[in-house]
Every structure is written in C-alpha cells, then in structure tokens.
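# Reading the structure
Residue strings, one per chain:
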Amino acid sequence: MMVFYAVIFPFYEGRAIVLFLFVASGILLLCLAVLLHPSCFLIMVSSFLTLGFLFKAVANLCLGVGLIEPVGDFTGSAAQWDMALEFAAAGQFGGVASIILASFIPSSGRIITRDASDQRVLGNILFGALALLMIVATCIYALNYRYNILRIGYPLGIDIHPRVYAVLAFILTWGALLGGLALTQWLIELGRLRYASLILVATFLGFLSSLTMGSRVQFLLYILSSVCIVLWRWRNVHRWMEIVYALCIASALFVVSIAVVSIERNYAFQGNHSIVVRAPSPNTGPPPLVGGADAPEQSDRLALRLPTTSSPLPAGEAARASPTFKSQQPAAPLGDTESLATKFTVVTSKSRLSGLLQELRNLVLMRWIGLEGVLTAEGAERELGSDLLLRGLTEDPAAGKNGIYQKMAGDPYGKVEVFTFLTLPGVIGVASYSGSIPLIFGFVFGTMLAGHLLEWFACSLTRSVAVGAVSGVSLAYLTVQMGFPWTLFIYALELCLACAALGGFWFASRRLATLRI
C-alpha cells in the first residue's frame, strides 16, 4: 500500500489524506477479496475495479498516459481531483465492507457422486446434452454473424420478436458458456472428462463469441471463467500439463480472434466506410450498446494527467466526438462486405496501423472502466444529488446517446450515425450521481453484496462450481461496465432463470439415470 502511495504522491497536488484513503481502499478491496475469497464475483469485481481505478491512476498521474474516455467538464484542478478520489474511495470502502460480510456466507458448489453404473448412464445423458448445446450454440453464433443479432455497435439486421431477441442475446453473451461449462464440470465430477476440457470448451465458445459479437474481451472473459473453475478445484487437478496445453491452444486462438476482430472493427468504425443494415422492426429491442473495453478509439485521445492549479484543462476539452458515419443503401446486407484480406490490407496501411496498435495496447489497462466515471461526475457537481441517482437507476437503456451520463461526459458519440457507442460510468460512477459519500458507500456495498448472493444462489441451485464461476465473472464484468443499472437487473433475472433451468435439468437427469439402472 505504501509503495503505491509513495509512487503517486509526488505527482498529486491534492490533499495527502485523500490520496492515502484512495490507495488504502483500493489495496484493501483487492487483498481482502483474494484472502477471504467469499465468491468468484467479489474477487473478479475487486480485480476489475483495481485495474480501473488504482492502476489507471498510476498510469495517468505518474506515467502521463492519457485517459481514453471523456470526462466532461472536469478541469483537472486539485480540488476536483480530491473530490473525485473521495468518491472512488467511498465506493471502494463499500466494496470492502461487502467482502467482509460476504465472507460469512461464502458461495460454494459441489456434485454428489454416485456408484459406477449411475455415473455411466448419467454421463451418457450429460454427453448428449453437451453435444446438442454445442451444435445449437454454433448455429446461433452463425446467425449472429450473418444478421447482427448482438454485434457490438451494429444495429439489428433482422426483424425479431423482443422476447426471442432477449433469449438469443443471453445465449450469445453468457448462456452458451454457462450451460457448456456446467455440463462439462458435471462430467468431470463423474470421471468422464478431465479439467482441461473446461478450457477447451470455453475456448471454442469464446472464439465464436468473439468473432461474431465483435468483442475483443469476451474471449478473455470466457477463458477467465474456466480458469477460475480450475483454481477453485485445484486439489482435484492431477494432470497440470494438460491444463498448460489447453491454455496454449486458447492463447493462440485468442491472438487470432483479437487480430480478426480488431481489423474488422478498425475497418468499419475508423475508415468512413458505409455499413448498412436492414432497418429493424419497431417491435424489436434497442440496438446493442457498448462502451469501455469495446468502444472504438476516439480520434483525439484525452491528455488529462496530473492535477495542476496553474494550467488546468479548459472545461469541455475532454469531450471528443468520434468520426461521423454516413448511411447509404447498397444492395448487399451487412454480412456481405469486403473480404478479410481486403480489410487487412486497408487497416495495416501506414495511416491506420499505428492507431490499431495503440488500441490494442490500451486494452491492457486504459480501457478498463473506473476512474473516468468519478472524474466526469465531479465535473458535473452542480447536477449531482439523490434525485439524479434515482433517475439514473430507473433510466431506460433505450435512451442510448441521450442518456444522463452521455450528456454529462460531453456527448462524445453524438455525431456517430448507424453505429451505437456509449461511454460508461461504471458502478462507482453511477453511485457518484448522488454526490454523497454515504450514498456512494451504500450503493456499492449493496450492489456487490447482491452480486455475491446471486452467485451463492446459482451454486445452491446447481451444485456446480462452473455455474458459480460463470455467474461471478459475468456479473463482475457487467457491474464494472455499468451504464444503465436496469440492464444489469434484467441480466440478473435471466441468470437466475437459467440457473433454475440447469438445476432442474440436473435433477431430472439424475432421476432418469436412476430409473434406467
């Protein structure tokens, strides 16, 4: 803790006590989550918040690495930095309190082993279910690539009923992985598969998800979920070299996926190329929204570094608009575009290659949501209050570019047509709408404790560590990427229903296996 404080202190012109509390809360948050490990969710969300706040603050203040996301009217004065870090510290201390309480009710999951004959019949049922799931998931991913059911930034390319859209979107993002790893883990517990299978299943689904959704982090999150299961059951892992080989395969495919996705995204979003889709029906849901790690690189990066009272950034300087895209009406739908070779040639030209490499470097740290959320909130201090927080909690995600935080941040993507991109505040940024330290503490405390209880509930329903790991990682990522709290609530409901369905399937499969013996 003192190392981080000593590193940042020479570059920070605000109050020393504020900086100390910010650093102390960030270190406590991560250390307690790892030491007490009450749930995968709390470990992951603490890690993501540490990247988005503490490590990003070090990079920005000490190393002069510019922030990517806009911060609205935040000027960079010492007083504003103090208040912003107070917001961050309050949220992190709220997380610390939730971890301490959650440690008394840790999430857990286990499977009850049966005799050999029961295992054989049950294993056959689970193998059939796993094969069917992989086939169905592959077909859905293919449809997604063709019709942009859920492709980051792209509007819908097909008329679809809202309820069908909701189900497909859940399967595309986390549902397929949830079912795939749950079935694989049950087969491992029955002695029919080995632990390396978890990584291979996550690799297959993650590769398809990354390519068809246009996400550069989804693959990584899938692999992270499988690794969490392996670490959770490390005492039962006997063939670690198989784990290493599986991770090597995952790493190779991750490099391929991030290269392909980056080329396609850079070609579409940065090159003023016309991307046209079929106009969705009014009955369909809103187009997919994205920000944070999957938002497009802005044309001018924010050069906000250490706070100085002598030459603060002018108000509004942080807000930069992305390039404007014009829609036309060619005959071909969105899926029928130029070949990957053509896109590669364009993107790797001298004028574009440096920007692409910079985007990839930023994925390591500066794309994690966190610090910009509290800076933006502090820049709009006159608007803050409990009323604004209540509006934020009930805000309709369909507001999109007209949302509260988009206006607060300076409407950075307001001129972008056809595509839909948002900048995101994160959980502490949303809590900072209140402008109240106690409310920020309470909001983050309640949100993190709720996420932990959801993972505990998922484990209790399915008795599967795989379900707990996928639930924890997905909820953690969506929490730190929070833009519209309502979407997280909807996902939590979908997750509970999916876990209940998995629990019912497991119970029914065991009963069927028993009857057939």
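In short, a report on the structure. (Residues numbered from 1 in each chain as written. Predicted model: local features only at pLDDT ≥ 70, side-chain atom pairs only at ≥ 80, totals over all residues. Heavy atoms only, no water.)

### Some remarks on the environment of Gly206
Put simply, the rule is: Strands are runs of DSSP state E lasting at least two residues, helices are runs of H or I lasting at least four, and both sets are numbered from the N terminus onward. Contacts are residue-level and defined by heavy atoms, with any inter-residue pair within 4.5 Å sufficient.
Looking at where Gly206 falls in the secondary structure, it is placed in helix H7 (residues 196-213). With 12 residues separating them in the primary sequence, Gly206 and Gln218 have C-alpha atoms 6.6 Å apart. If sequence neighbours within four positions are ignored, Gly206 has contacts with Phe219 and Tyr222.

### Considering the packing of aromatic side chains
How we decide: Think of it this way: a Phe, Tyr or Trp ring, Trp meaning its six-membered ring, pairs with another when their centres are within 6.5 Å, and the plane angle makes it stacked under 30 degrees, edge-to-face over 60, tilted otherwise. Burial classes follow relative accessibility: with a 1.4 Å probe on protein chains only, a residue under 20% of its type's maximum area counts as buried, one over 50% as exposed, and anything between as partly exposed. A positively charged side chain is recorded as over a ring if its NZ (Lys) or CZ (Arg) lies within 6 Å of the ring centre. The angle to the ring normal must also be within 35 degrees.
The final tally for this structure, using the stated rule, is 11 aromatic pairs. Centre to centre, the rings of Phe48 and Tyr477 are 6.4 Å apart; their planes meet at 85°, and the pair counts as edge-to-face. Pair noted here: Phe48 is in helix H3 (residues 40-62) and Tyr477 is in helix H17 (residues 465-480), with a separation of 429 residues, a long-range link. Classification of Phe48 by relative accessible area gives buried; the value is 6%. By relative accessible area, which is 8% here, Tyr477 ends up buried. A ring pair is formed by Phe441 and Phe445, whose centres lie 6.4 Å apart and whose planes are at 5°; its orientation type is stacked. Taken as a pair, Phe441 and Phe445 lie in helix H16 (residues 437-462) at a separation of four residues, close to a single helical turn. Since its relative accessible area comes to 34%, Phe441 is described here as partly exposed. In this structure Phe445 comes out as partly exposed when scored by relative accessible area, which is 24%. Cluster of aromatic residues (ring-pair linked, three or more members): Phe48, Trp368 and Tyr477. In this structure, Arg146 is placed above the aromatic ring of Tyr147, and the distance from its NZ or CZ to the ring centre is 5.0 Å.

### Notes on the environment of Leu220
On the secondary structure map, Leu220 appears in helix H8 (residues 218-232). The exposure class assigned to Leu220 is partly exposed, which follows from its relative accessible area of 44%. With 14 residues separating them in the primary sequence, Leu220 and Gly206 have C-alpha atoms 7.6 Å apart.

### Some remarks on the packing of helix H6 (residues 162-189) against H8
Which entries qualify depends on this criterion: Fitting a line to C-alpha atoms yields each axis, with helices limited to the stretch in contact; the angle taken between N-to-C directions then spans 0 to 180 degrees. In these notes the angle categories are as follows: under 35 degrees is roughly parallel, over 145 is roughly antiparallel, 65 to 115 is roughly perpendicular, and the rest is oblique. Crossings are sorted by hand: turned counterclockwise from the far helix by less than a right angle, the near helix makes the crossing left-handed, and turned clockwise it makes it right-handed. Charged means Asp, Glu, Lys or Arg here, nonpolar means Ala, Val, Leu, Ile, Met, Phe, Trp, Tyr, Cys or Pro, and polar covers whatever is left, Gly included.
Put simply, H6 and H8 touch, their axes get as near as 11 Å, and they point 25° apart. Taken as axis vectors, H6 and H8 run roughly parallel relative to one another. Handedness of the crossing formed by H6 with H8: right-handed. On H8, the residues touching Leu172, Thr173, Trp174, Leu177, Leu181 and Gln185 of H6 are Gln218, Leu221, Tyr222, Ser225, Ser226 and Ile229. When its residues are assigned to classes, the contact of H6 with H8 shows seven nonpolar, five polar and no charged.

None of the figures reported here should be taken as evidence of function without further support.
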